[in-house]
Each structure stands twice: as C-alpha cells, then as structure tokens.
Amino acid sequence: MTAAQRDARRLADANRILPQLAFNPLRHPDSCVVCLGSREHSTDPVCDKCRTLRNSAGDARVADIVVPLSYAGEMNAQLRRDIRNYKDGWSDDVKGDALYRLSALTWHFFYHHSRCLEAIGGPVSHMTLVPSGRPDRRPEGHPLQILASYAPASWNRLEVTRTAEARERVIDTRSLEIQPPIELRGAHVVVFDDTFTTGAKAQSVAAIVRDAGARFVSIVVIARVLNQAWGPTAELLERHPRTPWDGAKCPITGSACPI
C-alpha cells in the first residue's frame, strides 16, 4: 500500500468514526480562553482552575495555547471509555478497538492541522509526552507513544521523565526532568497528552520546557474532560448543544485554518 493509499484509508476511517465519537471544542466567549472548559464567572475569561495554575507558575511559564481535539464526557461517553480502555482495557481486543478510534482522531489532527499550529507558534522543533503521575508506572511503555507517532517526523522527540509522584492540581516541576538535559532556547515545543482535566500535569511539563528556554509551548490533548453534571458546564453545553463533528473546523482557531 502506498503512502497516498494509506492516508486515503485513514481519512475514510476518520470521516466514518469521528462524527459519532468526537465533539468539537468551543473557542467561544462562553468558554475558558485557556482550556475551553466552562467558566465560573462571566466577567473572567479564564476558569478558576486555569487561573490558579497561572497564578502559581506565572504567565511566562504556562503554555501559550491549549488545543483539545474533542470534549469528552456524558455527551460522548464512547470517547471517555476509549481514553480509559486504550491503556487499561480488560482485553487486548478492547484496548485495540479503543486505540483504533483514538488513532483516527489524532491522525486527523496531525495530518490536517499540524501546520496550523506552526502558523501561530512558528516551526515546531520538539514534541514531548506528559508522563504518568507516578514514576515507572508503565515499564513496557505508554500506548500514548503510538498515537504520538502520527506527528510530523520533523518534530524531534523530547523526553520528560517523572522522578517522583506528581502533586495534584498544582504546577510541579520538581518531580520532572528532561533527559538528557537540553537547551531549548527559542524552540516551539508541543506537549502531548490524552486528557486534560485540571491541566496541572500538562502545564507542569510546559513549565519545565519553558525553564529550559522554550519560546512557544503548545499543549495538544486528545480530550478535554468535562463534568456535565456541574452547573457551569451544563449551562455551557445547553447554550451550545452538540453538533456533528466537523473535520474542517480548525482546533487551533475554532473556525477556519490560519493558513
């Protein structure tokens, strides 16, 4: 199979799977300008969780942009299950099916919108994964690496490792290290993870690459997890009910691509 034939098959898979699986996040005045979740206060464009992380780390250390590929929650429970099952499904078949669906979403982003990310932040030099909250949790390797393999080959892999258990809900760079140490001055670094709930773990990785000199940091996450039973989230989704997933809608801008 040629590369063109493989990409055509992946596009067909994405167009078949994603309208039932994914939910385009809202880049809208009603959502948090950082994480695209709901906001507690109509006068503050940033939600309380993101505000707390910014205040603890400083604006200069958090990511320049957070790019969720989809919301996940009650409105699309299959995606939420897939995020769990591709790592910890009870059988290889369950893990494989979940990975197949998540692959459609991540491939579509990297294939169609990686240049959009570079249009706003400059060429990406490095990409790193958010490590698990505990060191050596998966000595066999995290399956997120498989999803990250769809990223452009020009994005050099940067290794951030966990040296101690992460503290919850705070920026924690003391439990992280870049291996081997590297100078990132002027670099655009992409931080990639599967979920974003409070954002603490992803923003901690953003902070440590900032400390190493990165000029622009983009967090790309497969799913922004929402609690639809929480009042502000329920109100946000009531004002903006789910519409069919639109692959042409740029996850960086929320509308047309910037290129």
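Our structure's up above, just so we're on the same page.
Note that the structure is a prediction, hence the values are computed from the model and not measured. (Residues numbered from 1 in each chain as written. Predicted model: local features only at pLDDT ≥ 70, side-chain atom pairs only at ≥ 80, totals over all residues. Heavy atoms only, no water.)

### Concerning the pairing of strand β7 (residues 216–225)
Turning to step 1, where the next piece is worked out: Across the 10 residues that make up β7, a large majority, 10, are buried.
Turning to step 2, where the next piece is worked out: Here strand β6 (residues 188–196) pairs with β7 via 8 bridges, running parallel. If you follow V189 over to β7, its bridge partner there is V217.
Turning to step 3, where the next piece is worked out: Following the backbone out of β6, through helix α6 (residues 200–211) and into the adjacent parallel β7, one traces a crossover that is right-handed. (Buried < 20%, exposed > 50% of the residue type's maximum accessible area, 1.4 Å probe, protein only. Helix = DSSP H or I, 4+ residues; strand = E, 2+ residues; numbered from the N terminus. Pairing = 2+ DSSP bridges. Right-handed = clockwise from strand over helix to strand, strands pointing away.)

### So, the packing of helix α1 (residues 3–21) against helix α4 (residues 92–121)
Turning to step 1, where the next piece is worked out: The interhelical angle for the contact between α1 and α4, taken along N-to-C directions, is 115°, at an axis separation of 9 Å. Regarding α1 and α4, the two cross each other, and that crossing is left-handed. Along its contact with α1, which presents D7, R10, L11, D13, A14, R16, I17, L18 and L21, the element α4 presents Y100, R101, A104, L105, W107, H108, Y111 and H112.
Turning to step 2, where the next piece is worked out: Across the contact of α1 with α4, the residue classes break down as 10 nonpolar, 2 polar and 5 charged. (Axes fitted to C-alpha atoms, helices over the stretch in contact; angles between N-to-C directions. Left-handed = near helix turned anticlockwise from the far one by under 90°. Contact = heavy atoms within 4.5 Å. Nonpolar A, V, L, I, M, F, W, Y, C, P; charged D, E, K, R; others polar.)

### Looking at the side chain of H126
Turning to step 1, where the next piece is worked out: Turning to its location among the elements, H126 is positioned in strand β2 (residues 126–129).
Turning to step 2, where the next piece is worked out: Since its relative accessible area comes to 13%, H126 is described here as buried.
Turning to step 3, where the next piece is worked out: Within polar-contact distance, the side chain of H126 engages the side chain of S125 at 2.9 Å.
Turning to step 4, where the next piece is worked out: Once residues within four sequence positions are removed from consideration, H126 is found in contact with N156, L158, I182, L184, A187, H188, V189 and V190. (Polar contact = N/O pair within 3.5 Å; in protein donor to acceptor, adjacent residues only side chain to side chain.)

### So, unusual backbone geometry
Turning to step 1, where the next piece is worked out: Note the cis peptide between Q179 and P180, where omega equals -10°.
Turning to step 2, where the next piece is worked out: As for its placement among the helices and strands, P180 is situated in the loop between β5 (176–178) and β6.
Turning to step 3, where the next piece is worked out: Unusually for a residue other than glycine, L36 sits at a positive phi of about 70°.
Turning to step 4, where the next piece is worked out: The topology assignment puts L36 in the loop between α1 and α2 (48–57).
Turning to step 5, where the next piece is worked out: Look at R169: it is not a glycine, yet its phi comes out positive at around 65°.
Turning to step 6, where the next piece is worked out: Assessed through its relative accessible area of 55%, R169 is described here as exposed.

### What to know about the packing of aromatic side chains
Turning to step 1, where the next piece is worked out: Counted by the stated rule, this structure contains 5 aromatic pairs.
Turning to step 2, where the next piece is worked out: Pairing W107 with Y111 gives two aromatic rings, centres 4.7 Å apart and planes at 20°, and the pair type is stacked. Taken together, the residues span about one helical turn, with W107 and Y111 both in helix α4 at a distance of 4 residues.
Turning to step 3, where the next piece is worked out: Of the residues examined, Y111 reaches a relative accessible area of 47% and is grouped as partly exposed.
Turning to step 4, where the next piece is worked out: Taken together, the aromatic side chains of F109, F110, W155 and F192 make up a single cluster linked through ring pairs.
Turning to step 5, where the next piece is worked out: When the ring centre of W230 is taken as reference, the NZ or CZ atom of K49 above it lies at 5.6 Å. (Phe/Tyr/Trp six-rings, centres within 6.5 Å; stacked < 30°, edge-to-face > 60°. Lys NZ or Arg CZ within 6 Å of the ring centre and 35° of its normal.)

### Things to note about the sheet that holds β6
Turning to step 1, where the next piece is worked out: An order of β1-β7-β6-β2-β3 is seen for the 5 strands of this open sheet, with the pairing classed as parallel. Unpaired on one side and paired on the other, β1 (65–72) and β3 (156–157) mark the two borders of the sheet.
Turning to step 2, where the next piece is worked out: Note that β2 and β6 share 4 bridges and pair parallel. Pairing of L129 across the sheet is with F192, part of β6.
Turning to step 3, where the next piece is worked out: Contacts from α6 reach β1, β2, β6 and β7, with the element oriented near 170° to β7.

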